Structures are given as structure tokens and as C-alpha cells.
Amino acid sequence: MTQDMTPQQPADLEALLTFRLVRFNAALNRQSVRLLREAGGLNIPQWRIIAFLAAHGAMTGRQLAEIAGLDPGLTSRCLQELTQRGLASCERRPGDRRAVWAQLTDEGRALETRVRPVMRARHERLLAALDETERQQVFVIIEKLREAVLRG
């Protein structure tokens, strides 16, 4: 290999913000998958959909995808799965036959009520690793980085 084709050393990767964020995200996802499976037999996208429907009420699949940060196709598949499990219901409304409106069933609301404290406790455990100043700063920093990504 030529000098400019030498693979990066692990220490070089450790210095990259994106590498650390990807590694952190992978750890968060592994933890979420385990907690959601144990608490309610859910996966991460299903939980996002349930949480947003619980918080905002009925909405279209397109609205759900946007607010939850999910791919529209994945959102549609998750809604089908949640409907099959009796956790959500979907319907087309007169006057807007293209949009599918989703809402939680009583069973879906009950599941959200059981899972929410588990995920809230996880959130609190994560924040407990930070002091008060860091807790205030972390969300500001994350938002600044998100905006930098969106600017390109």
C-alpha cells in the first residue's frame, strides 16, 4: 500500500466525533432493543410510533414518519405490525382517501403506559452520568451538531 492508502489506525478513529457517535448510538440501540423487547415485545421504530401516537393522538402515517424520524415505508410496515397485534388501528377518512390515519387502541395505550416508565428510567440513568451543567449542555450541543449536519 502507498502511504496515502494506509488504513487509519484505531487511535485515529477514536479521535473522530462521528466514530464515537456511531459507537454510542450502537450501544444505545442494543440497550433499547433489550429493554423494549422485555417490557413490551416491541422494536425501536414500533416504540417510537406508539410513543408519538400516545403523545399526539391520531395522525397520518406521513406525519408519524416525519415526527418520529422514520422512513415512510418502515412506518407503514410498523403500523401494519402494530395493527395486527391489536395495538393500533388505521383508517382512511372521507375526503382524504390517500392518507391512512393511525391511532392507538386501548391495548396500545395500556402497553405504552407500561413501557414508558421503563424508557423514562433509562433516560434518567443516562442523565445521571452527567452533572447539572453537562445535562443542560448536552441537548444544546446535540442540536448544534444536528444543525451543522443539515447545513451540509
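From a predicted model like this one, the values you see are computed outputs, not experimental measurements. What you see as residue numbers is a count from 1 along each chain, following the sequence as written. pLDDT decides what is reported in this predicted model: residues at 70 or higher carry local features, side-chain atom pairs at 80 or more are listed and counted, and totals for whole chains, interfaces and linings draw on all residues regardless. With hydrogens and water stripped out, all remaining heavy atoms of the structure feed into the side-chain values.

### Digging into helix 5 (residues 72-84)
At 3.6 residues per turn, the α-helix brings residues three or four places apart onto the same side.
And step 1. For helix 5, with 13 residues, the first-to-last C-alpha span of 18 Å sits near the 18 Å given by 1.5 Å per residue.
And step 2. Among the residues of helix 5, those classed as buried are Thr-75, Cys-78, Leu-79 and Leu-82. Projected onto a plane normal to the axis of helix 5, the buried residues spread over an arc of 105° and lie on a single side.
And step 3. Any two residues whose heavy atoms approach within 4.5 Å are treated as being in contact. Each helix corresponds to a stretch of at least 4 residues labelled H or I by DSSP, and each strand to a stretch of at least 2 residues labelled E; elements are numbered beginning at the N terminus. If you follow the buried residues of helix 5, they end up packed against helix 3 (44-56), helix 4 (61-68), strand 2 (88-93) and strand 3 (96-104).
And step 4. Residue Asp-71 occupies the N-cap position of helix 5, its side-chain oxygen lying 2.9 Å from the main-chain nitrogen of Gly-73.
And step 5. One or two residues past the end of helix 5 sits Gly-86, with phi positive at roughly 80°. Here the expected span of a helix is defined as 1.5 Å times the quantity of residues minus one. Relative accessibility thresholds used throughout: buried, under 20% of the residue-type maximum; exposed, over 50%; partly exposed, between the two (1.4 Å probe, protein chains only). Arc, as used here, means the arc of the directions from the helix axis to the C-beta atoms. The term polar contact refers here to a pair of N or O atoms within 3.5 Å; inside protein, the definition further demands a hydrogen-donor-capable atom paired with an acceptor-capable atom, and it admits residues adjacent in sequence only when both atoms are side-chain atoms.

### Some details on the sheet that holds strand 2
And step 1. Within the open sheet, the 3 strands sit side by side as 1-3-2. Their pairing is antiparallel. Both edges of this open sheet fall to strand 1 (59-60) and strand 2, since each of them pairs with a single strand only.
And step 2. At least two DSSP bridges between two strands are needed for those strands to be called paired. As paired elements, strand 1 and strand 3 share 2 bridges and run antiparallel to each other. From the neighbouring strand, Met-59 faces strand 3, where its bridge partner is Ala-102.
And step 3. Axis definition: a line fitted to C-alpha atoms, limited for helices to the stretch in contact. Angles are taken between N-to-C directions and run from 0 to 180 degrees. The strands touched by helix 3 are strand 1 and strand 3; relative to strand 3, the strand with the most contacts, the crossing angle is about 90°.

### Looking at the side chain of Thr-75
And step 1. Of note, Thr-75 is situated in helix 5.
And step 2. Exposure remark for Thr-75: the relative accessible area of 1% places this residue in the buried category.
And step 3. Excluding its chain neighbours within four sequence positions, the residues that come into contact with Thr-75 are Ile-49, Gly-61, Leu-64, Ala-65 and Leu-70.

### So, the pairing of strand 3
And step 1. Two elements, strand 2 and strand 3, share 6 bridges in a ladder whose sense is antiparallel. In the sheet register, Arg-93 faces strand 3, and the bridge partner there is Asp-96.
And step 2. The turn joining strand 2 and strand 3, which pair antiparallel and follow one another in sequence, is formed by 2 residues; a positive phi near 90° is taken by Gly-95.

### A look at the packing of aromatic side chains
And step 1. Two rings from Phe, Tyr or Trp (for Trp, the six-membered ring) form a pair when their centres sit within 6.5 Å of each other. Planes less than 30 degrees apart are called stacked, planes more than 60 degrees apart edge-to-face, and all others tilted. Counted under the stated rule, the structure contains 0 aromatic pairs.
And step 2. Charge-over-ring placement is defined geometrically: NZ (Lys) or CZ (Arg) within 6 Å of the ring centre, and within 35 degrees of the ring normal. A cation sits over an aromatic face here: Arg-93 above Trp-101, 4.1 Å from the ring centre.

### Points about helix 2 (residues 17-40)
And step 1. Compared with the 34 Å implied by 1.5 Å per residue over 24 residues, the 33 Å span of helix 2 between its first and last C-alpha is a close match.
And step 2. Those residues of helix 2 that sit buried are Leu-28, Ser-32, Leu-35, Leu-36 and Gly-40.
And step 3. Those residues of helix 2 that are buried lie in contact with helix 3 and helix 6 (106-128).

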